Amino acid sequence: MDEKMPGAISMVRRRCGRSVPYPPRGLTGALTIASKEGSELLMNQRGLLWLLVTCLVLSAFALLLVSDTELGLLDNAQVVYDMVGLVISLGALLTLVVGADAIGGEQDRGSLVPLLLAPLPRSALLLGKLGGQLVAWTAMLIIALPYLWAVGSTGQNLAAGIACLILLGTPIVLMFGCLGLALGAKFLSARSALTVGLVVLILAASPAMLGPGLRQTAIGVAVDWVNPFSAILNAVDAVVIDSEPALTQTTPFAVAFAWLLLALWYARRTVSRLTGSPQ
Amino acid sequence: MSVVSIAAAFLLAAGLSGGSASAAAAEPLKIELIPSPSNPSAPRIGDALMFRSVIRNDGQKAISGVIAWVSLLEVDPGKEHPVDLEDWSAQKAVVLAQIASGQTAETKWHLRLIQSGKYWISVVAASTADAVDRISGPVASPSVAFTVASKPVVETGRVLPIASGVPLAIGALLLWRGARGRRRRPTPKDAGG
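Fair warning: this is a prediction, and the values are worked out from it, not measured in the lab.

## Side note on the pairing of strand β3 (residues 63-74) of chain B
Residues and elements named next belong to chain B. Bridge count for β3 against strand β5 (residues 93-99) is six bridges, and the pairing is antiparallel. In the sheet register, Trp-69 faces β5, and the bridge partner there is Ala-93. Two elements, β3 and strand β7 (residues 117-127), share nine bridges in a ladder whose sense is antiparallel. Bridged to Glu-74 within β7 is Tyr-119. Strand direction decides the pairing type here: β3 and strand β4 (residues 81-82), joined by two bridges, are antiparallel. Residue pairing for β4: Glu-74 is matched across the bridge by His-81.

## Concerning the interface of chain B and chain A
Each side of the interface is counted separately: chain B has 27 residues, and chain A has 35 residues. Summing both partners gives a buried area of about 2,700 Å² for chain B against chain A, and 66% of it is carried by carbon and sulfur. Taken together, the links from chain B to chain A amount to three residue pairs in polar contact (both at pLDDT 80 or more). Of the residues forming the side of chain B that touches chain A, the biggest block, 14 residues, is contributed by helix α3 (residues 156-184) of chain B. Residue composition of the side of chain B that touches chain A, grouped by class: 15 nonpolar, five polar and seven charged.

## Some words on the packing of aromatic side chains
All names here are of chain B. Enumeration over the complete set of coordinates arrives at five aromatic pairs over all chains. Taking 6.0 Å as the distance between ring centres and 35° as the angle between the ring planes, the aromatic pair formed by Phe-51 and Phe-146 counts as tilted. Residue Phe-51 is located in strand β2 (residues 48-57), and its partner Phe-146 is located in strand β9 (residues 144-148); the two are separated by 95 residues in the primary sequence. No difference in accessibility class separates Phe-51 from Phe-146, as the two residues are buried. Taking 5.1 Å as the distance between ring centres and 65° as the angle between the ring planes, the aromatic pair formed by Trp-88 and Tyr-119 counts as edge-to-face. Of this pair, Trp-88 sits in the loop between β4 and β5 while Tyr-119 sits in strand β7, and the two are 31 residues apart along the sequence. Under the relative-accessibility criterion, Tyr-119 is labelled buried at 1%. Of the aromatic side chains, those joined through ring pairs into one cluster are Phe-51, Trp-88, Tyr-119 and Phe-146.

## With respect to helix α10 (residues 190-205) of chain A
Residues and elements named next belong to chain A. Taking 1.5 Å per residue, 16 residues should reach 22 Å; α10 reaches 21 Å between its end C-alpha atoms and fits that length. Turning to α10, its buried residues number three or more, namely Ala-190, Ala-193, Gly-197, Leu-201, Ala-204 and Ala-205. Axial view of α10: buried residues confined to an arc of 80°, hence all on one face. Turned more than 90 degrees off the buried face of α10, the exposed positions are Arg-191, Ile-202 and Leu-203. Next to the buried residues of α10 lie α5 (76-109), α9 (169-187) and α12 (228-241).

## A short note on the packing of α5 of chain A against helix α7 (residues 122-152) of chain A
Residue and element names in this part refer to chain A. Following both chains from N to C, one finds α5 and α7 inclined at 155°, their axes separated by 9 Å at the closest point. Between α5 and α7, the angle is such that the two are roughly antiparallel. As for how α5 packs across α7, the hand of that crossing is right-handed. Taken together, the residues of the contact of α5 with α7 sort by class into 19 nonpolar, six polar and two charged.

## Focus on the environment of Asn-227 of chain A
Residue and element names in this part refer to chain A. Residue placement: Asn-227 occurs in the loop between α11 (218-226) and α12. Residues Asn-227 and Ala-204, 23 residues apart in the sequence, show an inter-C-alpha distance of 6.4 Å. Of the polar contacts made by the side chain of Asn-227, one reaches the backbone oxygen of Ala-204; its length is 2.8 Å.

## Looking at the side chain of Ser-59 of chain A
Locating Ser-59 of chain A in the fold gives a position in helix α3 (residues 45-67). Once residues lying within four places of it in the same chain are set aside, the contact partners of Ser-59 of chain A are Tyr-147 of chain A together with Ala-163 and Pro-167 of chain B.

## Some words on the confidence of the model for chain B
Residue and element names in this part refer to chain B. Of all residues in chain B, 76% have pLDDT values of 70 or greater, and the mean over the chain is 79. Below a pLDDT of 50 lies the segment residues 1-25, which in the model reaches 24 contacts outside its immediate sequence neighbourhood of four places, other chains included. Across the assembled chains, the prediction reports ipTM 0.76 with pTM 0.65.

## Some thoughts on α9 of chain A
All names here are of chain A. The terminal C-alpha atoms of α9 lie 27 Å apart, and with 19 residues this matches the ideal 27 Å at 1.5 Å per residue to within 8%. The element α9 is extensively covered by neighbouring structure, given that 17 of its 19 residues are classed as buried. Two residues or fewer after α9 comes Leu-188, characterised by a positive phi angle close to 55°.

## Some details on the sheet that holds β2 of chain B
Residues and elements named next belong to chain B. With antiparallel pairing, the three strands of this open sheet are ordered in space as β1-β2-β6. Both outer strands of the open sheet, β1 (29-35) and β6 (104-112), are each paired with one neighbouring strand and no more. Across this sheet, the average inter-strand angle for adjacent strands is 20°, counted without regard to direction. In this sheet, β6 lies alongside β2 in antiparallel orientation, the contact comprising nine bridges. Bridge assignment links Ile-55 to a residue of β6, and that residue is Ala-105.

So, how was this worked out
- Residues numbered from 1 in each chain as written.
- Chains lettered and ligands numbered in written order.
- Predicted model: local features only at pLDDT ≥ 70, side-chain atom pairs only at ≥ 80, totals over all residues.
- Heavy atoms only, no water.
- Pairing = 2+ DSSP bridges.
- Helix = DSSP H or I, 4+ residues; strand = E, 2+ residues; numbered from the N terminus.
- Contact = heavy atoms within 4.5 Å.
- Buried area = accessible area lost by both parts, 1.4 Å probe.
- Polar contact = N/O pair within 3.5 Å; in protein donor to acceptor, adjacent residues only side chain to side chain.
- Nonpolar A, V, L, I, M, F, W, Y, C, P; charged D, E, K, R; others polar.
- Phe/Tyr/Trp six-rings, centres within 6.5 Å; stacked < 30°, edge-to-face > 60°.
- Buried < 20%, exposed > 50% of the residue type's maximum accessible area, 1.4 Å probe, protein only.
- Expected span 1.5 Å × (residues − 1).
- Arc of directions from axis to C-beta.
- Axes fitted to C-alpha atoms, helices over the stretch in contact; angles between N-to-C directions.
- Parallel < 35°, antiparallel > 145°, perpendicular 65-115°, else oblique.
- Left-handed = near helix turned anticlockwise from the far one by under 90°.
- pLDDT = per-residue confidence, 0-100.

Structure follows, in structure tokens:
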């Protein structure tokens with residue numbers, strides 16, 4: 001039976017070493033692909049490199065805090081806010097790259113057509129690829145926890161900051177994953193998808209680099225309203241720094257969730273139209 | 001003390017309404033600012049302070065639309081300037097619908113200490129109602145002075161083990177996976193059998 005299976009599925013079945021029904025359907029197929037993507041990101045040597053880079057960035061930031069006198073005097077809540085923003089930005093970058101590679105990279109490596117020939121609904125393919133991104137984001141969250149504890153446990157609102165990171169960060173991170181995936185499916189090239197996706201990411205994440213003064217102008221306020229990154233950062237600011245209850249941040253969450261749904265719709269549309277050849 | 005700080009001190013001590021004796025006599029609003037007894041005696045960065053303001057209407061008529069807000073002034077020599085309350089407090093102002101003649105309105109103000117230094121805090125109130133058009137400007141409470149001591153909040157003893165340990169652990173895992181992968185990879189000799 002294995003010899004007749006499309007390559008990706010049979011490879012997954014062999015690698016997972018467990019019984020995967022053939023032909024895989026719906027959720028089973030999605031889980032199969034998610035487990036393959038996740039294992040490639042976490043167990044593969046090249047895949048582990050991104051985890052190391054994430055650690056190094058977080059370590060550099062943490063060391064900067066203890067080595068710089070001015071930064072070392074920052075309030076704990078401010079430090080937690082900065083680190084939460086950094087982790088969300090890194091997560092969005094990670095899922096964008098993984099998303100762009102999910103379809104565009106398969107095409108570049110010549111493995112997209114065998115994947116499309118697998119008896120899998122396109123929705124299962126999409127869910128599986130997004131599942132892989134969720135595994136990667138979860139790993140990044142786990143890596144970030146000790147850093148957040150190290151810089152923020154002597155102050156207040158650390159738990160609220162972690163809750164914000166999970167509840168508010170996940171929609172925005174997955175949104176960029178969906179965007180990367182959709183662009184990869186649209187252009188059938190990881191490089192093109194990544195170029196466009198990075199431009200969008202930099203534009204969206206610009207509030208993380210702008211001071212509060214610039215964001216108080218009319219354009220800044222308008223951008224804050226529609227930009228999911230701004231909405232999330234404002235919500236994290238309100239919860240972690242101003243000690244407002246996390247449950248009051250429904251509007252920013254709704255903005256981020258709406259953007260996630262939009263990106264998901266776009267990804268589903270482009271993946272469902274995949275033929276394996278440039279359109 | 002510089003000229004700016006002396007001027008600021010004068011304004012705050014006298015209250016913004018204290019420009020002239022006649023104007024002061026006409027002010028129906030009086031404000032008192034009382035620090036909470038639970039405030040730390042030697043506050044440091046990260047501590048929280050609480051103040052209670054009591055706004056009293058000594059006039060003959062009710063005053064409506066009273067807006068009260070916190071004014072924080074840094075008075076360290078060479079750094080005299082009003083402080084942007086961003087990050088210090090989520091509670092920037094309150095609007096009191098009406099204060100009847102002879103009545104008082106109490107408000108609690110919470111402040112989180114973000115930066116070290118010497119500060120003066122006061123509460124300022126103004127009314128937008130027509131009934132108090134004769135008030136020439138906002139009314140301020142006498143200021144309360146406090147000093148915030150610095151505190152290095154990020155502890156080196158916690159950060160260093162994490163910042164060096166986690167990358168080392170991931171790096172070791174990477175090397176182990178690489179060594180394992182090299183051992184498993186068949187050599188041309190193996191392939192030739």
